[in-house]
Amino acid sequence: MDKDFFNNRMNVNRRHFLGKAAAGIGGIALGSLLMPDLFKGGKGLTEGLPVGIPHFAPKAKRVIYLFQNGAPSQLESFDYKPKLNKMAGQDLPESIRNGQRLTGMTSGQSKFPLVGSYYDFKQYGKSGAWISDLFPNIANIADDLCIVRSMHTEAINHDPALTFMQTGSQIGNRPSMGAWMSYGLGSENQNLPAFTVLLSRGRGNGQGVYSKLWTNGFLDSTHQGVLFSSGEDPILYLNDPDAMSKASRRKMLDKLAELNHMGFDKNGDPEVQAKVQQYEMAYRMQTAVPELTDLSKESDATIKMYGPECLVPGTYAANALLARKLSESGVRFVQLYHQGWDQHGNLPNEMALQAEEVDRASAALVTDLKQRGMLDETLVIWGGEFGRTNYCQGGFTEDNYGRDHHPRAYSIWMAGGGIKPGMVYGETDDLGYNIIKDPVHVNDFHATVMNQMGLDHEQLTYKHLGRRYRLTDVAGKVINDIIA
Amino acid sequence: MNKVQKVGSSILILLNVMLVFLLIFESKVDLPLLFAPLGRVHPLFLHFPIGVFFVAAFLHLGSKLFKETKLDELLQFLFLISAFTAALTALFGFFLGQEAGYAAEQLKWHKWLGILTSLILWVAYLSLEKSWKFSKPLTVVSALVILITGHLGGEITHGANYVFAPLQKETEKAFDPKGPIFSEAINPILEAKCLSCHNDKKMKGELNMASLSKIMKGGEDGPLWLAGDALNSHIIQSAKLPLEDKKHMPPKGKPQLTPLEIAILEQWINQGAKTDLSIAELSEGDSLRQMVMKQYGGGKEEKVYEFSAASESTLAEVKTPFCTVEALALNSPALKASFYVTERYDPATLENLKKVSGQLVELNLAKMPVSDEDLDLISSFENLEKLVLNSSDVTGENLEALSKLKNLTSLSLSGCVLEEGSLDKLANFPALEQLFVWNTGLDVAEVDAFEKSNKKVVVSRGFVPTDEDMLKINPPSLVNKSPVLKAGEKVQLKHGLPNVQIRYTTDGSKIDSVSGDIYENEISVEGFAKIKTVATKEGWYVSDQKDFTFFRGNYKADSAWLLAPTHSQYPGVGSSTVIDQKQGDKANFKDFAWLGYKGSNAEILLKINAKDKVKGLTVSYLKNVGSYIMPPQEIQVWAGNDRNSLKLIASKSPEALKEQGSVTYEGVNFAMDKSYKYFKIVGKPINKLPKWHGGAGQEGWLFIDEIYLY
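Here the structure is a predicted model, which is why all the values come from computation and not from measurement. (Residues numbered from 1 in each chain as written. Chains lettered and ligands numbered in written order. Predicted model: local features only at pLDDT ≥ 70, side-chain atom pairs only at ≥ 80, totals over all residues. Heavy atoms only, no water.)

**Student:** Explanation requested: the overall build of chain A in the structure shown.
**Tutor:** Helix and strand counts for chain A come out as 13 helices and 18 strands. By the burial criterion, 58% of the 484 residues in chain A qualify as buried. By sequence separation, contacts in chain A at least 24 residues apart represent 78% of the contacts at least 6 residues apart. Accessible surface for chain A amounts to roughly 18900 Å². Of this, 52% is attributable to carbon and sulfur atoms. (Helix = DSSP H or I, 4+ residues; strand = E, 2+ residues; numbered from the N terminus. Buried < 20%, exposed > 50% of the residue type's maximum accessible area, 1.4 Å probe, protein only. Contact = heavy atoms within 4.5 Å. Areas by Shrake-Rupley, 256 points an atom, 1.4 Å probe, with all protein chains shown as cover.)

**Student:** When you look at the confidence of the model for chain A in this model, what are you seeing that I'm missing?
**Tutor:** Residues shown with low pLDDT carry predicted positions that ought not to be read at fine detail. All names here are of chain A. For chain A, mean pLDDT is 87; residues scoring 70 or higher make up 89% of the total. Averaged over each element, pLDDT in chain A is lowest for strand E1 (residues 42–43) (42) and highest for strand E9 (residues 378–383) (98). Low pLDDT (under 50) marks residues 32–48, which in the prediction has 50 contacts with non-local residues, meaning those over four places away or in another chain. (pLDDT = per-residue confidence, 0-100.)

**Student:** Looking at this structure, how should I read the sheet that holds strand E18 (residues 602–607) of chain B?
**Tutor:** To summarise the sheet geometry, strands pair through backbone hydrogen bonds and adopt either a parallel or an antiparallel arrangement. Residues and elements named next belong to chain B. Reading across from one edge, E15-E18-E23-E20-E21 is the order of the five strands in this open sheet, with antiparallel pairing throughout. The open sheet terminates on both sides in strands that have one partner only, identified here as strand E15 (559–562) and strand E21 (647–652). When the angles between neighbouring strand axes are averaged without regard to direction, this sheet yields 20°. Pairing of E15 with E18, which is carried by four bridges, proceeds in the antiparallel orientation. From the neighbouring strand, Ser559 faces E18, where its bridge partner is Lys607. (Pairing = 2+ DSSP bridges. Axes fitted to C-alpha atoms, helices over the stretch in contact; angles between N-to-C directions.)

**Student:** Can you walk me through the nonpolar core in this structure?
**Tutor:** The tendency in soluble globular proteins is for nonpolar side chains to be buried side by side. Residues and elements named next belong to chain A. The biggest cluster of nonpolar side chains holds 71 residues, and the ones touching the most others in it are Phe135, Tyr306, Val380, Trp382 and Trp413. By residue number, the principal contributor to this core is helix H12 (residues 347–371), which donates ten residues. Those residues in contact with Trp413 that sit more than four places away from it in its chain are Phe78, Ile138, Leu145, Cys146, Ile147, Ser362, Val366, Val380, Ile381 and Trp382. Counting residues in each nonpolar core, the second largest holds 46 residues, with Val197, Tyr337, Phe445 and Met450 among its members. (Core = buried A, V, L, I, M, F, W, Y, C linked by side-chain atoms within 4.5 Å.)

**Student:** Honestly, the environment of Cys416 of chain B in this entry has me stumped. Any pointers?
**Tutor:** Residues and elements named next belong to chain B. As for its placement among the helices and strands, Cys416 is situated in the loop between strand E5 (410–412) and strand E6 (434–436). In sequence terms Cys416 and Val437 are 21 residues apart; their C-alpha atoms lie 8.2 Å from each other. With sequence-adjacent residues up to four places away left out, Cys416 is seen in contact with Leu389, Asn390, Ser391, Ser392, Val394, Asn439 and Thr440.

**Student:** What am I meant to see in helix H9 (residues 270–293) of chain A here?
**Tutor:** Residues three or four positions apart in an α-helix share a direction because the helix packs 3.6 residues into each turn. Residue and element names in this part refer to chain A. The first and last C-alpha atoms of H9 sit 34 Å apart over 24 residues, in line with the 34 Å expected at 1.5 Å per residue. In H9, a bend of some 35° at Met285 exceeds every other bend along the element. Three or more residues of H9 are buried, namely Val272, Val276, Glu280, Tyr283, Arg284, Met285, Gln286, Thr287, Ala288, Val289 and Leu292. The secondary structure elements touched by the buried residues of H9 are strand E7 (226–228), helix H8 (246–267) and helix H11 (316–328). (Expected span 1.5 Å × (residues − 1). Bend = angle between axes of the 7 residues up to and from the residue.)

**Student:** Honestly, the packing of aromatic side chains in this entry has me stumped. Any pointers?
**Tutor:** Two aromatic rings are characterised by how far apart their centres lie and by the angle between their planes. Residue and element names in this part refer to chain A. For the structure on display, the rule yields 40 aromatic pairs over all chains. Pairing Phe135 with Trp382 gives two aromatic rings, centres 5.8 Å apart and planes at 85°, and the pair type is edge-to-face. In this pair, Phe135 sits in the loop between strand E4 (129–132) and helix H5 (136–140) while Trp382 sits in strand E9, placing the two residues 247 residues apart along the sequence. Owing to a relative accessible area of 1%, Trp382 belongs among the buried residues under this scheme. (Phe/Tyr/Trp six-rings, centres within 6.5 Å; stacked < 30°, edge-to-face > 60°.)

**Student:** Mind showing me how you'd approach the interface of chain A and chain B here?
**Tutor:** Bring the parts together and some accessible area is lost; that lost area is often taken as the interface size. Contact with chain A, which involves 64 residues of that partner, is made by 64 residues of chain B. Taking both partners together, chain A and chain B bury about 5500 Å²; carbon and sulfur atoms supply 58% of that area. Taken together, the connections running from chain A to chain B amount to five salt bridges. The salt bridge partner of Lys386 of chain B is Glu377 of chain A, with a shortest N-O separation of 2.6 Å. (Buried area = accessible area lost by both parts, 1.4 Å probe. Salt bridge = Lys/Arg side-chain N within 4 Å of Asp/Glu carboxyl O.)

**Student:** Help me out: how do you make sense of the side chain of Glu326 of chain B in this one?
**Tutor:** Along the polypeptide, Glu326 of chain B turns up in strand E1 (residues 323–327). With residues near it in sequence (within four places) discarded, Glu326 of chain B still touches Glu188 and Arg332 of chain A together with Ala334, Leu335 and Lys336 of chain B.

**Student:** I'm lost on the environment of Thr367 of chain A in this one. Help?
**Tutor:** Looking at where Thr367 of chain A falls in the secondary structure, it is placed in helix H12. Residues Thr367 of chain A and Ile141 of chain A, 226 residues apart in the sequence, show an inter-C-alpha distance of 7.8 Å.

**Student:** Looking at this structure, how should I read H8 of chain A?
**Tutor:** All names here are of chain A. If you check H8, its first and last C-alpha atoms are 31 Å apart, about what 22 residues at 1.5 Å a residue would give, namely 32 Å. Listed as buried for H8 are Arg249, Leu253 and Ala257. Taken end-on, H8 shows its buried residues confined to a sector of 75°, consistent with a single buried face. Counted as exposed and oriented over 90 degrees from the buried face of H8: Ala247, Lys251, Leu259, Met262, Asp265 and Lys266. Check the buried side of H8 and you find it contacts H9. Looking one or two residues past H8, Gly268 carries a phi angle of roughly 65°, positive in sign. (Arc of directions from axis to C-beta.)

**Student:** Looking at this structure, I do not really get the packing of helix H6 (residues 104–129) of chain B against helix H7 (residues 135–158) of chain B. What am I missing?
**Tutor:** The axes of two packed helices give the description: the angle between them and the distance between them. Residues and elements named next belong to chain B. Between H6 and H7, the shortest axis-to-axis distance is 9 Å and the interhelical angle comes to 155°. In terms of orientation, H6 and H7 fall into the roughly antiparallel class. Note on packing geometry: the crossing formed by H6 with H7 is left-handed. (Parallel < 35°, antiparallel > 145°, perpendicular 65-115°, else oblique. Left-handed = near helix turned anticlockwise from the far one by under 90°.)

**Student:** What's the story with a nonpolar patch on the surface in this structure? I'm lost.
**Tutor:** Residue and element names in this part refer to chain B. A cluster of nonpolar residues, Leu61, Val140, Leu144, Leu147 and Ile148, forms a patch on the protein surface that exposes about 450 Å² of accessible area. Sort the elements by how many residues they give to the nonpolar patch and H7 lands first, with four residues. Tracing the chain through its elements places Ile148 in helix H7. Classification of Ile148 by relative accessible area gives partly exposed; the value is 46%. (Patch = residues over 30% accessible without salt bridge, like charges linked within 9 Å, V, L, I, M, F, W, Y side chains within 5 Å.)

**Student:** Looking at this structure, I do not really get the sheet that holds strand E24 (residues 702–709) of chain B. What am I missing?
**Tutor:** Residue and element names in this part refer to chain B. Strand order in the open sheet formed by four strands is E17-E24-E19-E22, with antiparallel pairing between adjacent strands. The open sheet is flanked by strand E17 (595–597) and strand E22 (664–671), the only strands paired with a single partner. On average, each strand axis in the sheet is inclined to that of its neighbour by 30°, with strand direction left out of account. In this structure, strand E19 (residues 616–623) lies alongside E24, joined through four bridges in antiparallel fashion. When the sheet's bridge partners are listed, Val619 is paired in E24 with Ile707.

**Student:** I tried to follow the packing of H8 of chain A against H9 of chain A on my own but got confused; where do I start?
**Tutor:** Residue and element names in this part refer to chain A. Contact geometry of H8 with H9 gives a least axis separation of 8 Å together with a crossing angle of 170°. The angle between H8 and H9 falls in the class roughly antiparallel. Taken together, the residues of H9 that come into contact with H8 (itself represented by Lys246, Arg249, Arg250, Leu253, Leu256, Ala257, Asn260, His261, Phe264 and Asn267) are Pro270, Val272, Gln273, Val276, Tyr279, Glu280, Tyr283 and Gln286. For the contact of H8 with H9, the per-class residue count stands at nine nonpolar, five polar and four charged. (Nonpolar A, V, L, I, M, F, W, Y, C, P; charged D, E, K, R; others polar.)

**Student:** Just to check I follow, could you spell out the side chain of Glu280 of chain A for this structure?
**Tutor:** Locating Glu280 of chain A in the fold gives a position in helix H9. Contact partners of Glu280 of chain A, with chain neighbours within four places excluded, come to Arg250 and Leu253 of chain A.

**Student:** Where do I start with a negative patch on the surface in this structure?
**Tutor:** On the surface, Glu373, Asp376, Glu397 and Glu400 of chain B cluster together into a patch of negative charge. Tracing the backbone shows Glu397 of chain B in the loop between strand E4 (386–388) and E5. (Lys, Arg positive; Asp, Glu negative; His and termini not counted. Charge placed at Lys NZ, Arg CZ, Asp CG, Glu CD.)

**Student:** Where do I start with unusual backbone geometry in this structure?
**Tutor:** Among all residues save glycine, negative phi is the norm, and among peptide bonds the norm is trans. Residue and element names in this part refer to chain B. Omega for the bond connecting Met249 with Pro250 falls within 30 degrees of zero, at -15°, which places this linkage in the cis form. Turning to its location among the elements, Pro250 is positioned in the loop between helix H10 (234–240) and helix H11 (259–270). Although it is not a glycine, Ser391 adopts a positive phi angle of roughly 50°. In this structure, Ser391 sits in the loop between E4 and E5. Backbone geometry at Asn499 places phi at a positive 55°, although glycine is not the residue there. Residue placement: Asn499 occurs in the loop between strand E10 (493–494) and strand E11 (501–505). A relative accessible area of 69% places Asn499 in the exposed class.

**Student:** Please clarify how the pattern of salt bridges should be interpreted in this entry.
**Tutor:** Opposite charge on two side chains allows them to pair when their charged atoms are near. The full count for this structure, using the stated rule, is 52 salt bridges over all chains. Among the salt bridges present, the one from Asp133 of chain A reaches Lys122 of chain A, with a minimum N-O distance of 3.1 Å. Linking Asp133 of chain A in the loop between E4 and H5 with Lys122 of chain A in strand E3 (residues 121–124), this pair joins segments that are eleven residues apart in sequence. Look at Asp133 of chain A and you get partly exposed, because its relative accessible area is 31%. In this structure, the salt-bridge partner of Glu298 of chain A is Lys325 of chain A, at a minimum N-O distance of 3.5 Å. With Glu298 of chain A in the loop between H9 and helix H10 (300–306) and Lys325 of chain A in helix H11, the pair connects residues that are 27 residues apart, well separated along the chain. Across the pair, Lys325 of chain A and Glu298 of chain A agree in class, each one buried. One salt-bridge network, in which partners are shared between bridges, spans Lys61, Arg62, Glu188, Arg332 and Glu377 of chain A together with Glu326, Lys336, Glu362 and Lys386 of chain B.

Rendered as structure tokens:
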């Protein structure tokens, strides 16, 4: 009997080897009962604040990240460089390039002819932001946007750059931004996952996305991004099979819970109770998810705003609309990826196709959030993983050219979530190659996003393999100048 | 007595070892709630060791004054009690120290000395028991340690310098953003972190930081900063050296500059190290201003709520899986509540929120069937600041009930169907700043009038489509999951928007917004059918045309033979390929579901089950012009009841292609006038690709799959 009791205690506390010995060892054992994390990794409890609650009153409660996968050219979108048009065809001066490494795709080029934007730019809004003709709808909401033209990253190829942008590390398997938010803030709506992922593919040259971008890394697997598939059933295997009624499903779950509780009484393993909770959440999701995919209650005005493509599952517009609905339903972090922005060649044509697909729906999302009073508390981010070169890759003609990868400067925009609206931040040189004012490193971007969500990026840590990790690792500062 | 000592002594060992252990692994301690009350009795319990020990110490030191024969035994007992209670006190103190709210610096020395006290009293007890000669000096040292420890503990509870505070005058000064930046923001940092070693009395490195003029003289390494050049300023350089570096300042072990403090100094130096500039002069977005505000409070501008927090148990009572109630932020008493999942809305949950009516500042009821009467209940949440009623059942009739909410700054009514005159009821809302009325059906004039008479309210009307927003509607989509219909299955179309008309043709004729049939419920097809569709809706341009192809058979052939071989690359799965009731993937012609032919004819023999009354058959083939897979030049059907003497009964030649087109399923239907036992299908691939094709003149491929019987 004593032995049974002892084993049970051990199960509960997972302390299998302590506590049997004389006074000295006994002291250690007693002490160790006070510290569950002594022999394994775990939350950085000493300096970290409790998880599940923002550290300070947040400006944003949720994030929608419209990731433009493949890296859209900043020079045809938000970073206007007329000088490039004047100097078109001239070689990029070495004094500007200044030893910047190149990808294998252009390192063999004997010349780096500068090339200006094929598309014209105009100024929009009170901020007078320059935006290219490719994005007329985004231009119309210029006063809601904070355009950051001085992003820079460390990676020069898609995979590491994407991984860096998403997880704060170029090497995979660190938790994604969304996973950190889920870990730090928990779920607002207990009937849906806190971190969801939506994919769409454009008509331009594309690059892959893969589940490591929305991984929970070393965090608990409940923080992993949940990929919604584009079909009628966004979450597979959620619905009851044909001929199973709601009532019999309920009955089955009740009986199962009863059995599980009996198991728990016997072995005391908390995982059993966690499992019961998960069954219950899945049961609730059976009603919560169909509500999300049902577009019949959306007004005509909404459909017109996003464009009719939004009725076709799997398109960018449909995902943007779904993102609004997810956000409205309390999902902390909605991550979209739109593929097809890798214009090494045929840029003027491909970019027009890509822009056509995202322009209307991106602007519509911001407007939609705004008219529902949600923009204040929802941070929308639009951008890629790096920029594109100011010189041409491959053949250069009047109306056709390509651009290679460029980590030194690129543009993104943010809206809502307590970010200053109607603002342009940062500046690049006349040739759009180097940042000359207010650089924003990827770590700084992460720190700022976390700050808006009410999290101190230096405080939210997780201990793993003997050290504490942060999304921003050992760097990053909040860009206060863009905070409203 | 001996037994007590023996047991007490071993418990003492245990306690002390545990104490030292806890101290070493302190960073990993996660205290169970159970121990918290023990921690709280620390301030009470600590009086025992002090009292008992001082009595014991007097007895011990003055033992000559007493003649009691049993004094030794009594002393040992008292020392044991004091060592024992000291160990417990230290342990409890340790527990108390785990609670939040104690300054780590202040706590550190008290903690170390507390544990030292426990250890030293233990040794004092041992020294007495073993009659060591240093017993008396040790008693004196112990008394001193107790005094110092106790004093430090007192300072934690009562505040630093508590004892002598009455003799000193108050010097604390509040941060004033209008004062000169050096004295308000910069010098306080230097005073706190540098002055103790660089002052009038102690000038380490010949540097005196007692006043600005003395700082400007610099030390042995030159001036402390170079205005406008933080990178080369001595103070920044030494602050940023690794902690282990000898030149790192402040030295290891001293209170360090925080990253924010370094950033402030750096930014200030970079902006010219102006001493008289005031924070208020800087623009609001200025980095230096924001950092200074963060350092000296007010930076986050967090709203302070006067009311007290709801208890944990009350919070647990109001939460449900479909109603989240949580604090706005850490340590904030204010709560926000959000309802989710329309189908699971329960009015009792809203009613239940009365329990936190004083704490609730945000309430989100979007999409919930909240009625006008419920507003009376909501108006009892006295501190509500933000209320979201988007797409609820509120009609506006009872909106004035909400005017009781003196702090309501934001009200969202988007998507509610509001009756005329609703906005008049909002005229007397005292704090309203934001109003959202998108898609409420309100008259533009009414919104205009409200805006005019309520200048401080920002009204958000949202997106209103105009005639310029005429868009092309998207085409219909298919309900059927597969292009191969089961026996009896009909074609079903759908569209995601309400009130959409779908038009279609099945005979290949032209389709537009006025021609073709109007889709009702379903469309019957047989054999191979190509349905052309468009969608139309009032206020939208007609959709692009969308074509769907279907195969439907009613019977399965008994068996099949390939009389002529396929091309060796595309053998399918042999003769059963054409009667397996599966259609090959059109996106993947390499799939083993296609029979490929080039240069020679396909010849396929089918045997029909006697009971089946076959009215016709369909030969399915693939069109993938880019991969040289073309429609056949001709398809012949031979029929008869003896497989060795079949007659040609029909032949069809699909129209030659004029352009590439997309990859599609195609088929040719043959109607039968009577029943036969055997059919032979002969398919002839085209022998020359057309002139417009990239491979003009080469042989084309023919890809055949299922032969359907209907």
